[in-house]
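# Coordinate analysis (summary)
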Amino acid sequence: MKVAYYLNLICFLFVLLCFLGMPIIGLFLLMPLGFIQVVTSLYLVTKRDVVSQKNQKLLSIYFLIIFGFLILMALISISPSYMHILLEMLSPFMALIPVYFIYVCFNFQKEFT
């Protein structure tokens, strides 16, 4: 559990530093970070039966956020004329999803120590 938490934290801090230095690079690095976090969340699902209800709920909320975000991105791709405006509005939201997942991993890690 500690490995999952620290891996996500290090990747997130790297992306955050890239955002501060070169925002466009940081934005592109959100995709691999999202992939790492989804794979990690699938690993956490395998631990669901040994964790508290609170952590199960946090993980379920994360999956709902990801599912909603994917639906929103699909809707954005349908109307390309407004894509740049919607992506600019969604950029801060895209950065908050990893922060929430770091919180989820922290709670899982805290429960196992």
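Throughout this document, residue positions are counted from 1 along each chain, in the order its sequence is written. Local features are withheld for residues below a pLDDT of 70 in this predicted model, meaning they are given only at 70 or higher, and side-chain atom pairs are given and counted only at 80 or more; totals for whole chains, interfaces and linings count all residues. For the side-chain quantities, the full set of heavy atoms in the structure was used; hydrogens and water were omitted.

## What about the packing of helix H1 (residues 2–21) against helix H4 (residues 83–112)?
The cut-off we apply is this: Axis definition: a line fit to C-alpha positions, over the contact stretch in the case of helices; interaxial angles, taken between N-to-C directions, run 0 to 180 degrees. The helix and strand labels rest on DSSP assignments: H or I over at least four residues marks a helix, E over at least two residues marks a strand, and numbering proceeds from the N terminus. Geometric relationships in this document are graded by angle, where less than 35 degrees denotes roughly parallel, more than 145 denotes roughly antiparallel, 65 to 115 denotes roughly perpendicular, and other angles denote oblique. In this scheme the crossing of two helices becomes right-handed for a clockwise turn of the near helix relative to the far one and left-handed for an anticlockwise turn of less than a right angle. Contacts are residue-level and defined by heavy atoms, with any inter-residue pair within 4.5 Å sufficient. Any residue outside Ala, Val, Leu, Ile, Met, Phe, Trp, Tyr, Cys, Pro, Asp, Glu, Lys and Arg is labelled polar, Gly included; the first ten of those are nonpolar and the last four are charged.
Across the interface, H1 lies against H4 with an axial gap of 9 Å and an inter-helix angle of 155 degrees. Between H1 and H4, the angle falls in the class roughly antiparallel. For the crossing formed where H1 meets H4, the hand is left-handed. Here Lys 2, Ala 4, Tyr 5, Asn 8, Leu 9 and Phe 12 of H1 come into contact with H4, specifically with Ala 95, Pro 98, Val 99, Phe 101, Ile 102, Cys 105, Phe 106 and Gln 109. Residues that form the contact of H1 with H4 fall into these classes: 11 nonpolar, 2 polar and 1 charged.

## Side note on helix H2 (residues 23–46)
Put simply, the rule reads: Multiplying one less than the number of residues by 1.5 Å gives the expected span of a helix. Across the chain, bend at a residue is computed as the angle between axes fitted to the seven residues ending at that point and the seven starting from it. Classification of residues uses two cut-offs on accessible area relative to the type maximum, computed with a 1.4 Å probe and protein chains only: under 20% is buried, over 50% is exposed, and between them is partly exposed.
Across its 24 residues, H2 extends 35 Å between first and last C-alpha, which sits within 8% of the 34 Å expected from 1.5 Å per residue. The largest bend in H2 amounts to roughly 25 degrees and is located at Leu 30, with the proline Pro 32 lying one to four residues further along. Turning to H2, its buried residues number three or more, namely Gly 26, Leu 30, Leu 33, Gln 37, Thr 40, Ser 41 and Leu 44. If you follow the buried residues of H2, they end up packed against H1, helix H3 (53–78) and H4.

## Remarks on the state of the cysteines
For clarity, the cut-off: The disulfide definition used here is simple: a pair of cysteine sulfur atoms within 2.5 Å.
Enumeration according to the criterion identifies 0 disulfides in this entry. Note on Cys 105: no disulfide assigned, nearest cysteine sulfur contributed by Cys 11 at a separation of 11 Å. The class for Cys 105 is buried, based on a relative accessible area of 1%.

## Re the packing of H2 against H4
Running from amino to carboxyl end, H2 crosses H4 at an angle of 30 degrees, the nearest separation of the two axes being 11 Å. On the basis of their axis angle, the class for H2 and H4 is roughly parallel. Considering only the axes of H2 and H4, their crossing is left-handed. In this structure, H2 contributes Leu 27, Leu 30, Leu 33, Gln 37, Thr 40, Ser 41 and Leu 44 to the contact, and H4 contributes Ser 91, Met 94, Ala 95, Ile 97, Pro 98, Phe 101, Ile 102, Val 104, Cys 105 and Phe 108. Taken together, the residues that form the contact of H2 with H4 break down as 13 nonpolar, 4 polar and no charged.

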